[in-house]
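Chain by chain, the residues:
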Amino acid sequence: MGAETDLHKDGPVGAAKAGGEAGLAKVIVITSGKGGVGKTTTSAAFAAGLALRGHKTVVIDFDVGLRNLDLVMGCERRVVFDFINVINGDANLNQALIKDKRHDNLFIFPTSQTRDKNALKREGVERVMEELKQQFEYIVCDSPAGIGHGAITALYFADSAIIVTNPEVSSVRDSDRIIGILASRSRRAERNEPPVDVHLLLTRYDPTRVTKGEMLGVEDVKEILSIPLLGVIPESESVLRASNTGTPVVFDETSPAGRAYVDAVARFLGEQREMRFVKPERRGFFRALFGRA
Amino acid sequence: MGFFRSLFKPRHSSASIAKERLKIVLAHERAGRNAPDFLPLLQKELLTVVGRYIEISEDMIRVTLANSGDTSSLEINIEIEGGKLKADSGKALSAAV
């Protein structure tokens, strides 16, 4: 244990307290079923957002063989040991954890580039998770796409799940599937514990297209999936700019997507915040006259 | 006309088509997903038991779990071709006991 004495200093009221008090650290899986919807972007932004709120947070890449979180977090040249090395006992946890240069509370745990998809053995992952819970308040798990071994392992230990969904048919369907899997195959489900609490995060949202009837709206997706809405992230140029430069988008204060993630993190921590970026920016004369059709 | 219609009634927009399609497909998939794993086994065992008394083949028995609202119903459909009873059905029963 050791270095966790200063963990609690500025955590907001009601938030999970950190390690040491084992079992109180919270495991959050960022998952979606479908690929390319923004899981890694969300993992990076959410973990950074939690760190900015004063919580000691680690973000883990579960996408064995297709490591990318390191790039999105901008620490790709600092990876020495990885998740599989720690599971196999070739390195200890603190050798593999990468401390973020922008924030003291933020750590990255990169995955391995091995092609052996079954390298993530459940017992090994469990051991590492228990060790992480001693050090961190939040453990953010970036799931691979699909419903294979990696995705199931990523969600297995979750206390909370953020279902990243695009307002588009295949993404909504896959989210529904993943919600079903969380309800039946997570550790909480297997042990008959209270279920994983699931949150909907709608990403790549374009309010103008929604108004035109070209894109599923927030209410539509909420109604179909019937899980609580954590946030709506607008389609934004700043997301690509953030990944180009290896900066979690929450660090870009001018970015609408970044601000939307900050709001989502606040809601996750129990704050009430109004949804922003769900209406078109500029309301044309006719639209203002007739109301939103 | 077209302009005003699109303004007031975006009902047949592609988004609303997407929503309807999703509702239908997910209703089906959720029902199938919630179907417990034991259904195929149940069907097999029923086939064995019923087969002791009546000549029956695998495709003549259908087991489905249907959900509508709050109620679920387990539906077992057994087709009997001309009701061919097995001559030794009594014997089968005593053998089983």
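Quick summary incoming for the structure in this document.

1. Re the packing of aromatic side chains
Residue and element names in this part refer to chain A. Tallied over the full model, the rule gives 6 aromatic pairs over all chains. Ring centres 6.3 Å apart and planes at 70° place the aromatic pair tyrosine 138 and phenylalanine 268 in the edge-to-face group. Here phenylalanine 268 lies in helix H12 (residues 256-268) and tyrosine 138 lies in strand E5 (residues 138-142), a separation of 130 residues in the sequence. Here the two residues tyrosine 138 and phenylalanine 268 agree in accessibility, since each one is buried. The rings of Phe46, Tyr138 and Phe268 are connected pair by pair, giving a single aromatic cluster. Across from the ring centre of phenylalanine 136, 5.1 Å away, lies the NZ or CZ of lysine 56, which sits over that ring. Directly above the ring of tyrosine 156 sits arginine 122, whose terminal nitrogen or CZ lies 3.7 Å from the centroid.

2. With respect to a negative patch on the surface
All names here are of chain B. Taken together, Glu58, Asp59, Glu79 and Glu81 make up a surface patch of like negative charges. Relative to the assigned elements, aspartate 59 resides in the loop between helix H3 (39-51) and strand E1 (61-68). With relative accessibility at 55%, the residue aspartate 59 sits in the exposed group.

3. Things to note about unusual backbone geometry
All names here are of chain A. At arginine 204, a position not held by glycine, the phi torsion is positive, near 55°. Counting through the fold element by element, arginine 204 comes out in strand E7 (residues 197-205). Classification of arginine 204 as partly exposed rests on a relative accessible area of 42%.

4. Section: helix H5 (residues 122-135) of chain A
Between its terminal C-alpha atoms H5 of chain A stretches 20 Å, which fits the 20 Å expected from 14 residues at 1.5 Å a residue. Within H5 of chain A, the full set of buried residues consists of Gly124, Val125, Val128, Met129, Leu132, Lys133 and Gln135 of chain A.

5. With respect to the pairing of strand E1 (residues 26-31) of chain A
All names here are of chain A. In terms of burial, E1 is a largely internal element, 5 of the 6 residues being buried. The pairing of E1 with E5 spans 5 bridges and is parallel. Paired with isoleucine 28 across the bridge in E5 is valine 140. Relative to strand E6 (residues 160-165), E1 runs parallel, the two sharing 4 bridges. Within E6, the position partnered with isoleucine 30 by the bridge is isoleucine 162.

6. Observations regarding the packing of helix H7 (residues 169-185) of chain A against helix H10 (residues 218-225) of chain A
Helix-helix packing: each pair is described by the crossing angle between the helix axes and the interaxial distance. All names here are of chain A. With their axes 10 Å apart at the nearest point, H7 and H10 run at an angle of 35° to one another. Note on packing geometry: the crossing formed by H7 with H10 is right-handed. Across the interface between the two elements, Val172, Ser175, Asp176 and Ile179 from H7 touch Val221, Ile224 and Leu225 from H10. Split by residue class, the contact of H7 with H10 holds 5 nonpolar, 1 polar and 1 charged.

7. Some remarks on the packing of helix H1 (residues 39-52) of chain A against H12 of chain A
All names here are of chain A. H12 packs onto H1 with a crossing angle of 60° between their chain directions and a minimal axis gap of 9 Å. Considering the relative orientation of H1 and H12, their crossing is right-handed. Mapping the contact onto sequence places Thr41, Thr42, Ala45, Phe46, Gly49 and Leu50 in H1 and Tyr261, Ala264, Val265 and Phe268 in H12. The class makeup of the residues in the contact of H1 with H12 is 7 nonpolar, 3 polar and no charged.

8. Looking at the nonpolar core
Residue and element names in this part refer to chain A. Core analysis: the biggest nonpolar cluster contains 53 residues, and Phe109, Met129 and Leu132 have the highest contact counts within it. If one sorts the elements of this core by residue count, H7 sits on top with 5 residues. With residues near it in sequence (within four places) discarded, leucine 132 still touches Val58, Ile60, Leu93, Leu97, Phe109 and Ile139.

Cut-off values and rules
- Residues numbered from 1 in each chain as written.
- Chains lettered and ligands numbered in written order.
- Predicted model: local features only at pLDDT ≥ 70, side-chain atom pairs only at ≥ 80, totals over all residues.
- Heavy atoms only, no water.
- Phe/Tyr/Trp six-rings, centres within 6.5 Å; stacked < 30°, edge-to-face > 60°.
- Helix = DSSP H or I, 4+ residues; strand = E, 2+ residues; numbered from the N terminus.
- Buried < 20%, exposed > 50% of the residue type's maximum accessible area, 1.4 Å probe, protein only.
- Lys NZ or Arg CZ within 6 Å of the ring centre and 35° of its normal.
- Patch = residues over 30% accessible without salt bridge, like charges linked within 9 Å, V, L, I, M, F, W, Y side chains within 5 Å.
- Areas by Shrake-Rupley, 256 points an atom, 1.4 Å probe, with all protein chains shown as cover.
- Salt bridge = Lys/Arg side-chain N within 4 Å of Asp/Glu carboxyl O.
- Lys, Arg positive; Asp, Glu negative; His and termini not counted.
- Charge placed at Lys NZ, Arg CZ, Asp CG, Glu CD.
- Expected span 1.5 Å × (residues − 1).
- Pairing = 2+ DSSP bridges.
- Axes fitted to C-alpha atoms, helices over the stretch in contact; angles between N-to-C directions.
- Left-handed = near helix turned anticlockwise from the far one by under 90°.
- Contact = heavy atoms within 4.5 Å.
- Nonpolar A, V, L, I, M, F, W, Y, C, P; charged D, E, K, R; others polar.
- Core = buried A, V, L, I, M, F, W, Y, C linked by side-chain atoms within 4.5 Å.

By themselves, these figures tell us nothing about what the structure is for.
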